[in-house]
Protein chains: 2
Amino acid sequence: MVSEFDFIKNIKAKYGLRGIGDDCAVLPKNADSDSVITADLLVEDVDFRLDWTSPELLGSRVLAVSLSDIAAMGAESIWAMLSLAVTDSVWNSDFLEKFYEGWFTLARRHNVELVGGDVSRTAGKIVFDSIVGGDVPRGKAVLRSGAQIGDSIFVTGPLGGAAGGLMMLESGIKYGTADPARQALITKQLRPVPRIEIGRQLREAGLANSMIDLSDGLSSDLRHICNASHVGARLYANDIPICPVLTKIGVANDQALSLALNGGEDFELLFTSKDAGISLPGQPDIYRIGEITANEGVIEVIGGEFEVLQPGGYRHF
Amino acid sequence: MVSEFDFIKNIKAKYGLRGIGDDCAVLPKNADSDSVITADLLVEDVDFRLDWTSPELLGSRVLAVSLSDIAAMGAESIWAMLSLAVTDSVWNSDFLEKFYEGWFTLARRHNVELVGGDVSRTAGKIVFDSIVGGDVPRGKAVLRSGAQIGDSIFVTGPLGGAAGGLMMLESGIKYGTADPARQALITKQLRPVPRIEIGRQLREAGLANSMIDLSDGLSSDLRHICNASHVGARLYANDIPICPVLTKIGVANDQALSLALNGGEDFELLFTSKDAGISLPGQPDIYRIGEITANEGVIEVIGGEFEVLQPGGYRHF
């Protein structure tokens, strides 16, 4: 069975699509700006489960995953469209009212205006398609393809928390649990925070040669950067920041590292920079985790239990 | 049960969304142009049936419905995104390969570049979300809200054919039938032709005060124009062009009129103009069917069997 990555690669090659392959499409807008646009399709029981989340959390998450793509370009969000197909029973409940409350709460925080979309019924699984557009100064969008040999590799926060939250949900623990540590992990999974501000700061300061958001997982997303930039990477296992809550609840070190490497949906930014030390105002959580190498297509992990990393990330539940 | 129209109306009012309500969202682009963007969600067994169509026809139709929205603004299409969720059995067949062939054949005809989207699996009904963006000279997008009292009402082609095709499919006749008349109707339903060129001509000539594409049906879509423009309308039943194939296969006059009034998905353009007679190069099929009145919210039909028209259109199968 062909993977979704390979499917898109094949369509790209067959039809000569040069615009596809980054977190957002970049389109010329005017003398000052380019437009960036992203679409994210979220399908019930693939990308979310109704019994694990709430309508408000889901509304927030549907927008957050697209805002995260905007952040990964160093851009500012401006407008959104939202297409949705729901069952009759959802339609006839207050689900969508609450869903939109969650959506708009996050939208207001990032000055996103809802300008369109489509509403349909379905007899199948619920589906949301989230489309967000934004602006970035002309020619300044941070692409996956800009990593240079010798660049340092950074992430904007501790990793593995969202995957830990997914483990909790899979084990039957619910959002709202009285255990604050487990609730924190579940919240990381269900209500991701798009890193719009730090993405903009990095772009404004000219610090990021390449950038992507950690939706699939560090091992997969770093591979996307390496493939697009025709380079390799070396990671230092001891430098990868692990979500401290994982340790707190007794997750073993090697499992925590595996969640940080292969767990998706932390929605931190992964970027490369010619600078080896980066500090930005108000952003204490920037971690150097490795460097870009000339060893095209190979990701090494130093100090871990394995030496050459396979893309172990995943996109979906 | 609240209708989809009322649902969108409620969300618009609750969150003060001024940008929603036309065929496309209109966003400022540069000194010369505005951007127009539309999203259309097509759901299996609501908007299409796999046993009635082919992958190629479906690919073409998914793009055509969005291009039709671009046409209704008098705009030119530039880019598209396509999000889709399919079942494992579709994923593992050549369905999507053929689907994209249909999609790209139409895209090339209108210079549309695929710049993104998303691909997912689903255990439920197949879903496509079609997003298309385009350009229109600044301030020149033709809105639903511009109809003036005394304007003449026009359509760009005979109506009812697509609804007739749907009748054929519902009666068990298949695409590919040896009967050329029935095949023509079914083709009208399954492979709509977006009226991009005539929409652009009308906008360039400054002839259309308001415009919409006939996706829901004449009675519903004319009501959208009347509501947005705070006017009423009078239609002349004898002037409404009926798809001649309907007569040819023996559909009675009153049923044919009903299909033309209430059948959707002909994807002709409906527009209003201060001019009572319009001719455009290469466009023989422009029909004057009535006029805009001061009788806000009321659509009269002169010469039909009823005098005040209820919105009888439908969106879905």
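Scope of this entry: the structure provided in the associated data block.

The rules behind each value
- Residues numbered from 1 in each chain as written.
- Chains lettered and ligands numbered in written order.
- Predicted model: local features only at pLDDT ≥ 70, side-chain atom pairs only at ≥ 80, totals over all residues.
- Helix = DSSP H or I, 4+ residues; strand = E, 2+ residues; numbered from the N terminus.
- Buried ≥ 20, exposed ≤ 12 C-beta atoms within 10 Å, placed from the backbone.
- Pairing = 2+ DSSP bridges.
- Least-squares fit on C-alpha atoms with pLDDT ≥ 70 in both.
- Axes fitted to C-alpha atoms, helices over the stretch in contact; angles between N-to-C directions.
- Contact = placed C-beta atoms within 7 Å.
- Core = buried A, V, L, I, M, F, W, Y, C linked by C-beta atoms within 7 Å.
- Nonpolar A, V, L, I, M, F, W, Y, C, P; charged D, E, K, R; others polar.

### Some remarks on unusual backbone geometry
- At Asn111(B), a position not held by glycine, the phi torsion is positive, near 55°.
- Along the chain, Asn111(B) turns up in the loop between helix H4 (95–109) and strand E4 (113–121).

### Digging into the pairing of strand E7 (residues 210–213) of chain B
Residue and element names in this part refer to chain B.
- Residues Ser210 and Ile212 line one face of E7 and the alternating positions Met211 and Asp213 line the opposite face, and both faces are buried.
- Relative to strand E9 (residues 269–273), E7 runs antiparallel, the two sharing four bridges. Paired with methionine 211 across the bridge in E9 is phenylalanine 271.

### Remarks on the relation of the copies chain B and chain A
- Under the fitted operation, chain B is carried onto chain A by 0.0 Å of movement along the axis and a turn of 180°, and the coordinates agree to an RMSD of 0.0 Å. Such a combination of turn and shift is consistent with a two-fold rotation axis. The position closest to the rotation axis in chain B is occupied by the C-alpha of Gly124(B), lying 2.1 Å away.

### Description of the sheet that holds strand E1 (residues 25–28) of chain B
Residue and element names in this part refer to chain B.
- With respect to topology, five strands assemble into an open sheet ordered E1-E2-E5-E3-E4, the strand pairing being mixed. At either end of the open sheet lies a strand with only one pairing partner, and these are E1 and E4. Between one strand axis and the next, the sheet turns through 20° on average, direction left out of account.
- Judged from the four bridges that link them, E1 and strand E2 (residues 33–43) form a sheet pairing that is antiparallel. Opposite valine 26, over in E2, you have valine 36 as the bridge partner.

### What to know about the environment of Val298(B)
- As for its placement among the helices and strands, Val298(B) is situated in the loop between strand E10 (287–293) and strand E11 (299–302).
- Val298(B) sits 39 residues away from Leu259(B) along the chain, and the two C-alpha atoms are 20 Å apart.

### Comments concerning helix H10 (residues 253–262) of chain A
- Considered for burial, the residues of H10(A) that qualify are Ala256(A), Leu257(A), Leu259(A), Ala260(A), Leu261(A) and Asn262(A).
- Against helix H5 (161–170), helix H8 (218–229) and helix H9 (244–248) of chain A lie the buried residues of H10(A).

### Focus: the nonpolar core
- Membership of the largest hydrophobic core comes to 196 residues, with the highest contact counts inside it found for Val36(A), Ala80(A), Val36(B), Ala80(B) and Leu270(B).
- With residues up to four places along the chain from it excluded, the contact list for Leu270(B) reads Val155(B), Met211(B), Ile212(B), Leu214(B), Leu218(B), Asp221(B), Leu222(B) and Ile225(B).

### Section: the interface of chain B and chain A
- With 44 residues of chain B in contact, the opposing surface of chain A contributes 44 residues.
- Tallied by class, residues from the side of chain B that touches chain A come to 25 nonpolar, 10 polar and nine charged.

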